[in-house]
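Breakdown of the fold
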Amino acid sequence: LTTWTKIPISRLGGDEFGILVHVVSQADLEIVARKMERALKAYNHASGKPYKIACSMGVKLFRKSSDLSVEAVLRQADELMYNCKKDKKTVYQEL
């Protein structure tokens, strides 16, 4: 993953967004999540703003061979994101 410009981002509602990234493994997904964290930290450092932008991420790997629907995976990712908010973490992943 070398560029952010080719990653589809969609507003799901309110202040929630979905990001669809093609990866082949959980390890790759974790790399993407960490890159997003670093990009946000870099933006906050460079912005010169008196406030910091923060986010909570629920990260879920979806496999085409899964019995779960896309909607079910989104619900699981949403639950992980709320766990993240509750635990005051940036990324909450199902390992």
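Since the model is a prediction, treat every value here as computed from it, not as a measurement.

Turning next to the overall build of the chain. Along the chain, the regular secondary structure elements total 2 helices and 4 strands. Counting helices and strands in the order they occur from the N terminus, the chain gives β-β-α-β-α-β. With 95 residues in all, the chain has 21% of them scored as buried. Long-range pairs, those at least 24 residues apart, make up 49% of the contacts in the chain with a sequence separation of at least 6. For the chain, the exposed surface amounts to about 7,300 Å²; the carbon and sulfur share of it is 56%.

A few words on helix H1 (residues 26-47). The periodicity of an α-helix, 3.6 residues per turn, causes residues three or four positions apart to be oriented the same way. Spanning 22 residues, H1 covers 31 Å between terminal C-alpha atoms, matching the ideal 32 Å at 1.5 Å per step. Buried within H1 we find Leu-29, Val-32, Ala-33, Glu-37 and Asn-44. Projected down its long axis, H1 shows its buried positions confined to an angular sector of 140°, all on one face. Opposite the packed face of H1, turned more than 90 degrees from it, sit the exposed residues Arg-38, His-45 and Ala-46. Gly-48 sits one or two residues past H1 and shows a positive phi near 75°.

Before going further, it helps to spend a moment on the layout of surface pockets. What the largest pocket holds in volume is close to 1,800 Å³. Around the largest pocket, the lining is made up of 48 residues, and of these Phe-17, Gly-18, Ile-19, Met-36 and Gly-58 lie nearest the centre. At the level of secondary structure, the elements contributing two or more residues to the lining of the largest pocket comprise strand S1 (9-13), strand S2 (16-19), H1, strand S3 (57-59) and helix H2 (70-87). At 10 residues, the largest contribution of residues to the lining of the largest pocket is made by H1. Looking at the lining of the largest pocket residue by residue, the class counts come to 29 nonpolar, 7 polar and 12 charged.

A few words on the confidence of the model for the chain. In low-pLDDT segments, the atomic positions of the prediction should not be examined closely. In the predicted model, the chain carries a mean pLDDT of 83, and the fraction of residues at 70 or more is 89%. Looking over the chain, one finds the lowest element-wise mean pLDDT in strand S4 (residues 91-93), namely 63, and the highest in H1, namely 89.

A word on the nonpolar core. Core analysis: the largest hydrophobic core is formed by 7 residues, namely Val-23, Leu-29, Val-32, Ala-33, Met-57, Val-59 and Leu-61. Looking at this core, the elements with two or more residues in it are H1 and S3. Per-element accounting of this core gives the leading share, 3 residues, to H1.

Right, let's talk about a nonpolar patch on the surface for a bit. Together, Leu-12, Phe-62, Leu-68, Val-70 and Leu-74 make up an exposed nonpolar region whose accessible area comes to about 430 Å². Here Leu-74 shows up in helix H2. Classification of Leu-74 by relative accessible area gives partly exposed; the value is 44%.

Rules used in this analysis
- Just so you know, the residues in each chain are numbered from 1, in the order the chain's sequence is written.
- Selection of residues for local features in this predicted model requires a pLDDT of at least 70, selection of side-chain atom pairs for listing and counting requires 80 or more, and totals for whole chains, interfaces and linings are taken over all residues.
- Calculated side-chain values reflect all of the structure's heavy atoms, with hydrogen atoms and water omitted.
- Starting at the N terminus, helices and strands are each numbered in turn, a helix being any DSSP run of H or I of at least four residues and a strand any DSSP run of E of at least two.
- Think of it in three bands: residues with accessible area under 20% of the maximum for their type are buried, residues over 50% are exposed, and the middle band is partly exposed, with areas taken using a 1.4 Å probe on protein chains only.
- Here, two residues are considered to be in contact whenever any of their heavy atoms come within 4.5 Å of each other.
- Methods summary: accessible areas were calculated by the Shrake-Rupley approach with a probe of 1.4 Å, and residue burial reflects only the protein chains presented.
- To estimate how far a helix should reach, multiply one less than its number of residues by 1.5 Å.
- Read the arc as the range of directions from the helix axis to the C-beta atoms.
- With a 1 Å grid laid over protein atoms only, a set of points is called a cavity when a 1.4 Å probe fits there but cannot get out and a pocket when it is open yet has protein on both sides within 12 Å along at least five of seven lines; lining residues have an atom within 4 Å of a point.
- Grid points are joined across faces, edges and corners, and a volume is the space filled by probe spheres set on the points.
- Classes in brief: Ala, Val, Leu, Ile, Met, Phe, Trp, Tyr, Cys and Pro nonpolar; Asp, Glu, Lys and Arg charged; the others, Gly included, polar.
- Residue-level confidence of the predictor is summarised by pLDDT, bounded by 0 at the bottom and 100 at the top.
- Residues enter a nonpolar core if they are buried and are Ala, Val, Leu, Ile, Met, Phe, Trp, Tyr or Cys, with the set joined through side-chain atoms within 4.5 Å.
- Residues form patches when they are more than 30% accessible in relative terms and have no salt bridge. Like charges link within 9 Å. Nonpolar side chains (Val, Leu, Ile, Met, Phe, Trp, Tyr) link within 5 Å.
- Within this document, salt bridges are pairs made up of a side-chain nitrogen of Lys or Arg and a carboxyl oxygen of Asp or Glu, the two lying within 4 Å of each other.

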